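# Fold and geometry: a report
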Amino acid sequence: MQVQGAVGAWLLRVLAALGALRAAAASPAISEARPNGANRPGRFLSLPVPQKCSQRPKEFNFRGHNYFFSGHQAQYRNSRLDWLDARNICREYCMDLISMESQEENNLIFRLIQNEDVPYIWTSGRLCDFKGCENRRDLEPKSVFGWFWSATRGKMAPTNQTPRGFGYNPWSQTGHKRQRQPDNAEFDINGTNESCLAVLNNVYNDGIAWHDVACYHEKPFVCEDSEELLNYVASTNPGIRL
Ligand SMILES: *[C@@H]1O[C@H](CO)[C@@H](O)[C@H](O)[C@H]1NC(C)=O
Ligand SMILES: *[C@@H]1O[C@H](CO)[C@@H](O)[C@H](O)[C@H]1NC(C)=O
Ligand SMILES: [Ca+2]
Ligand SMILES: [Ca+2]
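To start, this report covers the structure provided alongside it. Only a predicted model underlies this, so the values are computations on that prediction, with no experimental measurement involved. (Residues numbered from 1 in each chain as written. Chains lettered and ligands numbered in written order. Predicted model: local features only at pLDDT ≥ 70, side-chain atom pairs only at ≥ 80, totals over all residues.)

Turning to the overall build of the protein chain, a few remarks are in order. Scanning the protein chain from terminus to terminus reveals eight helices and nine strands. Buried positions account for 37% of the 242 residues belonging to the protein chain. Considering only contacts within the protein chain whose residues lie at least 6 apart along the sequence, 63% involve residues at least 24 apart. (Helix = DSSP H or I, 4+ residues; strand = E, 2+ residues; numbered from the N terminus. Buried ≥ 20, exposed ≤ 12 C-beta atoms within 10 Å, placed from the backbone. Contact = placed C-beta atoms within 7 Å.)

Now for the nonpolar core. Core analysis: the largest hydrophobic core is formed by 48 residues, its most contacted members being Leu97, Ile121, Trp122, Ala198, Val199, Val222 and Cys223. Sequence-distant contacts of Cys223, that is, excluding residues within four places in its chain, are made with Tyr67, Phe68, Cys90, Tyr93, Met95, Asp96, Leu97 and Ile98. (Core = buried A, V, L, I, M, F, W, Y, C linked by C-beta atoms within 7 Å.)

Moving on: the sheet that holds strand β7 (residues 196-201). Spatially, the five strands line up as an open sheet ordered β6-β5-β4-β7-β8, and their pairing is antiparallel. Because the sheet does not close on itself, it has two edges, and the strands there are β6 (154-155) and β8 (208-213). Examined bridge by bridge, strand β5 (residues 147-149) and β6 share two bridges and lie antiparallel to one another. Within β6, the position partnered with Trp149 by the bridge is Gly154. (Pairing = 2+ DSSP bridges.)

On to the site of ligand 2, then. Close contacts around ligand 2 come from Glu186, Ile189, Asn190 and Thr192, and that covers them all. Taken together, the residues that form the shell around ligand 2 break down as one nonpolar, two polar and one charged. (Near = placed C-beta within 6 Å. Nonpolar A, V, L, I, M, F, W, Y, C, P; charged D, E, K, R; others polar.)

Another point: the environment of Ser79. With respect to the secondary-structure elements, Ser79 resides in the loop between β2 (65-69) and α4 (83-92). A residue is classified by how many C-beta atoms lie within 10 Å of it, and Ser79, with 16 of them, is partly exposed. Filtering out sequence-adjacent residues up to four positions away, Ser79 remains in contact with Ser70 and Pro220.

Below, the discussion takes up the site of ligand 1. Taken together, Asp129, Asn184, Phe187 and Asn193 make up all the residues around ligand 1. Taken together, the residues that form the shell around ligand 1 break down as one nonpolar, two polar and one charged.

On to the sheet that holds strand β1 (residues 60-62), then. Taken in spatial order, the four strands line up as β1-β2-β9-β3 in an open sheet, and their pairing is antiparallel. Unpaired on one side and paired on the other, β1 and β3 (95-97) mark the two borders of the sheet. This sheet shows a mean twist of 30° between the axes of neighbouring strands, independent of strand direction. Where β3 and strand β9 (residues 222-225) come together, three bridges link them in antiparallel fashion. When the bridges of β9 are listed, Met95 appears paired with Asp225. Across the sheet, α4 is in contact with β3 and β9; its angle to β3 comes to roughly 160°. (Axes fitted to C-alpha atoms, helices over the stretch in contact; angles between N-to-C directions.)

Next up on the list: the pairing of strand β4 (residues 120-127). Most of β4 sits inside the fold, with seven of its eight residues counted as buried. Alignment of β4 against β7, held across four bridges, turns out to be antiparallel. When the sheet's bridge partners are listed, Tyr120 is paired in β7 with Leu200. As defined by bridge partners, β4 adjoins β5 across three bridges and the pair is classed as antiparallel. Bridge pairing links Gly125 to Trp149 in β5.

So, on to the environment of Asn66. Mapped onto the fold, Asn66 is located in strand β2. Judged by local crowding, Asn66 falls into the partly exposed class, with 19 C-beta atoms found within 10 Å. Note: C-alpha distance between Asn66 and Arg56 (10 residues apart in sequence) is 8.9 Å. Apart from the residues within four sequence positions on either side, Asn66 is in contact with Arg56, Lys58, Asn61 and Asp225.

This part is about unusual backbone geometry. Geometrically, the link from Glu140 to Pro141 is a cis peptide bond, its omega value of -10° lying close to zero. With respect to the element layout, Pro141 can be found in the loop between β4 and α6 (142-145). Residue Pro182 follows Gln181 across a cis peptide bond; omega there is -5°. If you trace the backbone, Pro182 turns up in the loop between β6 and α7 (185-190). Even without glycine at this site, Arg63 takes up a positive phi of about 50°. Locating Arg63 in the fold gives a position in the loop between β1 and β2. Take Arg63: there are 8 C-beta atoms within 10 Å of it, and that puts it in the exposed class.

In short, geometric facts, not functional conclusions.
Following this line, the structure appears as structure tokens:
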């Protein structure tokens, strides 16, 4: 299982507390409560499908990871999915939603969005506000310290700081409330939390930038290789070409 050193350790403890770590070691299926659990409770993360993994779309490559944009694949060209459904499409290919751990990787996505005039995409960014994240002083305030990349379980930089590997803070300076992101704006409208990270293309006249968005919104998405899922499928399917 691929863990980003100490960075991911805190989330592993969270998952371990949920009993999810054992499940992840034996099989990568990890249950995760849906943010909008009242509507569709008990949704699960999908297992990788070995045949799909070996034939996964490899639209571009960066630092040894393959990626694809849903809008460039015939079967997903017009797909707009909520955050968990998008993750699960990726996961069947031994991928997950993209995590932008460096400005270089972030630039790849911003360029794609700009060149293809994509309005927005989902990333794997997630707020730790589900079961197992309670009573965590180190995640408070959540809006600053509570964000992580769910694909790798790596903690994100505090949202009010320039992330390591970046020359600027990619969170938008504005949004629905004309405040810097994350602003959890939909909570003020109707009590729905904005727990997922999307990249929006100039929706608030703010250029291409990171926004917290409620996870039920339906968007195109970018998938990135998951070392955890690739390793799992490689180890359980001797000789498979990935
Ligand atoms: C949703 O956001 C509100 C306001 O920030 C917060 O008080 C509440 O705890 C959040 N709900 C969940 C499930 O995290
Ligand atoms: C909250 O408001 C948004 C925007 O008006 C709407 O699309 C969404 O369905 C609402 N959600 C709920 C739970 O009322
Ligand atoms: Ca990445
Ligand atoms: Ca927002």
